[in-house]
Amino acid sequence: MKAHNIASASASVLALAFALVAGCGSDFAPKTAVTGVRILAARADQPYARPGETVRVEVLAHDGRTAPAEPMRVFWFPAPCVSPPGDLYFACFPAFEALFPVGVDLTPSLVESRELTFTIPPDALANAVVHPGQRERYTSAFAFMVACPGHVERIARRGDLGPNAIPVACMNARGEPLPADQFVFGYTQVYVFDERRNAIPKLEGITFEGKPVDLATGIVTERCREEETGDTCKKKVKFDVTFPEDAAEVDPDNVDAEGKVGREAIYVDWFTSVGKFQTNRKILFDGNLGRTPKPAIDFNAPFGPAKGTVWAVLHDNRGGTSWLEVPIEIK
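Every value quoted in this text rests on a predicted model; they were computed, and no experiment measured them.

> What am I meant to see in the pattern of salt bridges here?
If the charged atoms of two oppositely charged side chains come close together, the side chains can form a pair. Scanning the model with the defined rule gives 18 salt bridges in all. With a closest N to O distance of 3.1 Å, Arg43 and Glu58 form a salt bridge. Placement of Arg43 in strand β4 (residues 37-44) and of Glu58 in strand β6 (residues 54-63) is noted, with a sequence separation of 15 residues between them. For Glu58, a relative accessible area of 18% gives the class buried. For Asp63, the salt bridge identified is with Arg65, shortest N-O distance 2.6 Å.

Written as structure tokens, this is what we have:
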């Protein structure tokens, strides 16, 4: 499942989806570097759910700050927003505003946890229609989350930011809004169908320089020692992931001009708290062509010794998500 980081104190928007975590946060540069409060992904045990079913969602969040004054906390809004107009996450915001006055501390009303379980209403598809290009009716259930080293407060939305301006902020003990790198407001989008299913793609392992990694022992590699100007290390090492061929399921919506049904696309997002990946995403499996020829990603170690974490988040293009993390030491 995907997580969407849709807003932050600066209200920049990143689209992530159900298996994709959606959240609002600042536009991190580079996106692979985890240096502040981050929601990296979210996953649901049922990316495609049916009316009346119970869904468990989980968030992958990390606090990359070096000397935090207060610890990061993760909160969920306790009930999902189901079937908003247009299946748009921000169409849920007026309901927030109706429930909570401006300036109210929402923390007592939220669920503090890395996980949330909720039930899809039995009548969730009562007003659903078959969308253009689709074969079945569906709707969405949005579960909203917040990563915040303070308390969550309802705020007045800025009209100049459009309908997706977020209605909450993260406040410190003095009632001051925290900066963008300390606040993520996001959502997970679960699709609701009558019958259709989507399994979570299995992420078997991580490789480093072509060899399997023991996730408990971790990775040890040398720091960059090259004599260079600037802060870019030319020395590169390679990370990759392993996954079974059947992780890419048949996708009934992937139909070519000749009527042949293809499979899902599979891709991986990489994150690290030390060093730098050359890009944040690698396509691993094309739904029509199969595995891609160069799936490994280049990693640059920092110039000094460090300890941190590397995360690999595997997605399919229909909301299925899984992840692994591994410690890394730079000597």
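> Please explain the sheet that holds β6 as it appears in this structure.
In sheet architecture, strand pairing relies on hydrogen bonds along the backbone and comes in two forms, parallel and antiparallel. The three strands lie next to each other as β4-β6-β10, forming an open sheet whose pairing is antiparallel. Edge positions in the sheet fall to β4 and β10 (115-119), since each of these pairs with one other strand and no more. Neighbour to neighbour, the strand axes of the sheet diverge by 20° on average, direction disregarded. When β6 meets β10, the two strands line up antiparallel, connected through five bridges. In the sheet register, Val55 faces β10, and the bridge partner there is Phe118.

> Honestly, the pairing of strand β14 (residues 184-193) in this entry has me stumped. Any pointers?
A regular strand carries its side chains on alternate faces of the sheet. The element β14 is extensively covered by neighbouring structure, given that nine of its ten residues are classed as buried. Note that strand β5 (residues 48-49) and β14 share two bridges and pair parallel. Bridging from a neighbouring strand, Tyr48 pairs with Tyr191 of β14.

> In this structure, what is going on with the sheet that holds strand β26 (residues 306-316)? I would like to understand it.
One open sheet holds the six strands; their spatial order is β17-β27-β26-β21-β23-β24, and the pairing between them is mixed. Every other strand in the sheet has two partners, leaving β17 (219-221) and β24 (290-291) as the edge strands with one partner each. Two elements, β26 and strand β27 (residues 321-330), share ten bridges in a ladder whose sense is antiparallel. Bridge pairing in β27 places Ala306 opposite Ile330.

> What exactly am I supposed to notice about the state of the cysteines here?
One covalent bond between the sulfur atoms of two cysteine residues makes up a disulfide. Taken as a whole and judged by the stated rule, the model has two disulfides. Covalently, Cys81 is tied to Cys92 through a disulfide, its sulfur atoms 2.1 Å apart. The S-S bond linking Cys81 to Cys92 shows a torsion near -90°; that makes this disulfide left-handed. Of this pair, Cys81 sits in strand β8 (residues 81-82) while Cys92 sits in the loop between β8 and α1 (93-99); the two residues are eleven residues apart in sequence, bridging distant segments of the chain.

> What is the right way to look at the nonpolar core in this model?
Among soluble globular proteins, nonpolar side chains are generally buried collectively. Counting residues in each nonpolar core, the largest one holds 28 residues, and the members touching the most others are Ile206, Phe239, Val241, Trp270, Phe299 and Ile328. Looking at this core, the elements that each hand over two or more residues are β15 (205-208), β18 (237-242), β21 (266-272), β23 (281-286), β25 (297-300), β26 and β27. Excluding anything up to four places from it in sequence, Ile206 contacts Lys211, Pro212, Val213, Leu215, Phe239, Asp240, Val241, Trp270, Ala312, Leu324 and Val326. Counting residues in hydrophobic clusters, the runner-up holds 25 residues, among them Leu116, Phe118, Ala128 and Val192.

> I'm lost on a nonpolar patch on the surface in this one. Help?
Together, Val250, Val255 and Val261 make up a nonpolar patch on the protein surface, roughly 220 Å² of accessible area in all. Looking at where Val250 falls in the secondary structure, it is placed in strand β19 (residues 250-255).

> Any chance you could explain empty space enclosed by the protein here in plain terms?
Any empty space left between the atoms is revealed when a probe the size of a water molecule rolls over them. As enumerated under the stated definition, the model contains one cavity of 30 Å³ or more in all. Its volume calculated, the largest cavity comes out at about 40 Å³. As for the largest cavity, its lining consists of Thr221, Glu222, Lys235, Lys236, Val237, Phe299 and Ala301. When its residues are assigned to classes, the lining of the largest cavity shows three nonpolar, one polar and three charged.

> Can you help me understand unusual backbone geometry in this one?
Across residues other than glycine, the phi torsion is negative in most instances, and most of the peptide bonds are trans. Although it is not a glycine, Asp87 adopts a positive phi angle of roughly 55°. Mapped onto the fold, Asp87 is located in the loop between β8 and α1. On the basis of relative accessibility, which here comes to 17%, the residue Asp87 falls in the buried class. A positive phi angle, near 55°, is found at Glu209, a position not held by glycine. Note on placement: Glu209 falls in the loop between β15 and β16 (211-212).

Quick notes on the rules
- Residues numbered from 1 in each chain as written.
- Predicted model: local features only at pLDDT ≥ 70, side-chain atom pairs only at ≥ 80, totals over all residues.
- Heavy atoms only, no water.
- Salt bridge = Lys/Arg side-chain N within 4 Å of Asp/Glu carboxyl O.
- Helix = DSSP H or I, 4+ residues; strand = E, 2+ residues; numbered from the N terminus.
- Buried < 20%, exposed > 50% of the residue type's maximum accessible area, 1.4 Å probe, protein only.
- Pairing = 2+ DSSP bridges.
- Axes fitted to C-alpha atoms, helices over the stretch in contact; angles between N-to-C directions.
- Disulfide = S-S within 2.5 Å.
- Core = buried A, V, L, I, M, F, W, Y, C linked by side-chain atoms within 4.5 Å.
- Contact = heavy atoms within 4.5 Å.
- Patch = residues over 30% accessible without salt bridge, like charges linked within 9 Å, V, L, I, M, F, W, Y side chains within 5 Å.
- Areas by Shrake-Rupley, 256 points an atom, 1.4 Å probe, with all protein chains shown as cover.
- 1 Å grid on protein atoms, 1.4 Å probe; cavity = no way out; pocket = protein on both sides within 12 Å on 5 of 7 lines; lining within 4 Å.
- Points joined across faces, edges and corners; volume = space filled by probe spheres on them.
- Nonpolar A, V, L, I, M, F, W, Y, C, P; charged D, E, K, R; others polar.

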